[in-house]
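Chain residues, written in single-letter form:
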Amino acid sequence: MFKAEEAIAELDKALAVSGEVISLYRYEGNVSPRVKAHEVTVNAFVRPVKNDELVGDIKLTDLMVIISPSGLGGLAPLRKSDKVVVDGRELNIEIPKPIRMQSVLVRYTLLARG
């Protein structure tokens, strides 16, 4: 049987080989200037949304970002309104979808917009 730890290790390996480097963070406080908290840099698969994924509020300009839980530290669990930086563009995480195996978080699929 494929274990959650093996799934994470396989994803980490694939991201290291073929992924791109992105940053994730969350702002703290509601006053200006806002302060970044829990900033991390991780590898990710980033792709545009596919036509068959356009349901509800999802837009063709949105991006799907797949990341491993490895290296998230104090940023986990990810939340709506956390930020992701892809190619120098700050995007809002609209839908942080956690994927679990055997009750263990093995990946996030993020819908990002900005």
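These numbers come from a predicted model, not from an experiment.

Enquirer: Looking at this structure, I do not really get the nonpolar core. What am I missing?
Expert: When a protein is soluble and globular, its nonpolar side chains tend to lie buried together. Judged by nonpolar contacts, the single largest core of 19 residues is most densely connected at Ile22, Leu24, Ile67, Val84 and Leu110. Every element with two or more residues in this core is listed here: β1 (20-28), β2 (35-48), β3 (63-67), β4 (83-86), β5 (89-101) and β6 (104-113). Apart from residues no more than four positions distant in its own chain, Val84 is found in contact with Ile22, Ser23, Leu24, Arg89, Glu90, Leu91, Ile93 and Ala112.

Enquirer: Would you explain the sheet that holds β3 in this entry?
Expert: With respect to topology, six strands assemble into a closed barrel ordered β1-β2-β3-β6-β5-β4, the strand pairing being antiparallel. Within this sheet the neighbouring strands show an average axis-to-axis angle of 45°, counted without direction. The pairing of β1 with β4 spans three bridges and is classified as antiparallel. Across the sheet, Ser23 pairs through a bridge with Val85, a residue of β4.

Enquirer: Where do I start with helix α1 (residues 4-18) in this structure?
Expert: One turn of the α-helix equals 3.6 residues, which is why residues spaced by three or four share an orientation. With 15 residues, α1 extends 21 Å from end C-alpha to end C-alpha; this agrees with the ideal 21 Å at 1.5 Å per step. Where the residues of α1 are buried, they touch β2, β3, β5 and β6.

Enquirer: How do you make sense of the packing of aromatic side chains when you look at a structure like this?
Expert: Describing an aromatic ring pair means giving the distance of the ring centres and the angle of the ring planes. Enumeration over the complete set of coordinates arrives at one aromatic pair. When the centroid spacing of 5.5 Å and the interplanar angle of 80° are considered together, the rings of Tyr25 and Tyr27 count as edge-to-face. For Tyr25, a relative accessible area of 2% corresponds to the buried category. Since its relative accessible area comes to 23%, Tyr27 is described here as partly exposed. In this structure, Arg34 packs its charged tip against the face of Tyr27, placed 3.9 Å from the ring centre. The lysine or arginine in question, Lys36, covers the ring of Tyr25, its NZ or CZ lying 4.3 Å from the ring centre.

Enquirer: What should I look at first to understand the pairing of β4 in this one?
Expert: For a regular strand, the rule is simple: side chains alternate between the two faces of the sheet. Here β4 runs beside β5; their pairing, made up of four bridges, is antiparallel. When the sheet's bridge partners are listed, Val84 is paired in β5 with Leu91. Hairpin geometry of β4 and β5 is characterised by an intervening segment of two residues between the two adjacent antiparallel strands and by a positive phi of about 55° at Asp87.

Enquirer: Before we go on, may I ask you to explain the environment of Ala7 in this structure?
Expert: Structurally, the position occupied by Ala7 is in helix α1. Separated by 54 residues in the primary sequence, Ala7 and Thr61 place their C-alpha atoms 30 Å from one another. Those residues in contact with Ala7, other than ones at most four positions away along the chain, are Phe2, Met101 and Val106.

Enquirer: Help me understand the pattern of salt bridges in this model?
Expert: When charged atoms on two side chains of opposite charge get close, those side chains can pair. Per the stated rule, a full pass over the model turns up three salt bridges. As a salt-bridge pair, Arg113 and Asp62 come within 2.7 Å of each other at their nearest N and O atoms. Of this pair, Arg113 sits in strand β6 while Asp62 sits in the loop between β2 and β3, placing them 51 residues apart in sequence. In terms of burial, Arg113 and Asp62 fall into one category: buried. Lys80 serves as the salt-bridge partner of Glu94, at 2.8 Å between the closest nitrogen and oxygen.

Reading the values: the criteria
Residues numbered from 1 in each chain as written. Predicted model: local features only at pLDDT ≥ 70, side-chain atom pairs only at ≥ 80, totals over all residues. Heavy atoms only, no water. Core = buried A, V, L, I, M, F, W, Y, C linked by side-chain atoms within 4.5 Å. Buried < 20%, exposed > 50% of the residue type's maximum accessible area, 1.4 Å probe, protein only. Helix = DSSP H or I, 4+ residues; strand = E, 2+ residues; numbered from the N terminus. Contact = heavy atoms within 4.5 Å. Pairing = 2+ DSSP bridges. Axes fitted to C-alpha atoms, helices over the stretch in contact; angles between N-to-C directions. Expected span 1.5 Å × (residues − 1). Phe/Tyr/Trp six-rings, centres within 6.5 Å; stacked < 30°, edge-to-face > 60°. Lys NZ or Arg CZ within 6 Å of the ring centre and 35° of its normal. Salt bridge = Lys/Arg side-chain N within 4 Å of Asp/Glu carboxyl O.

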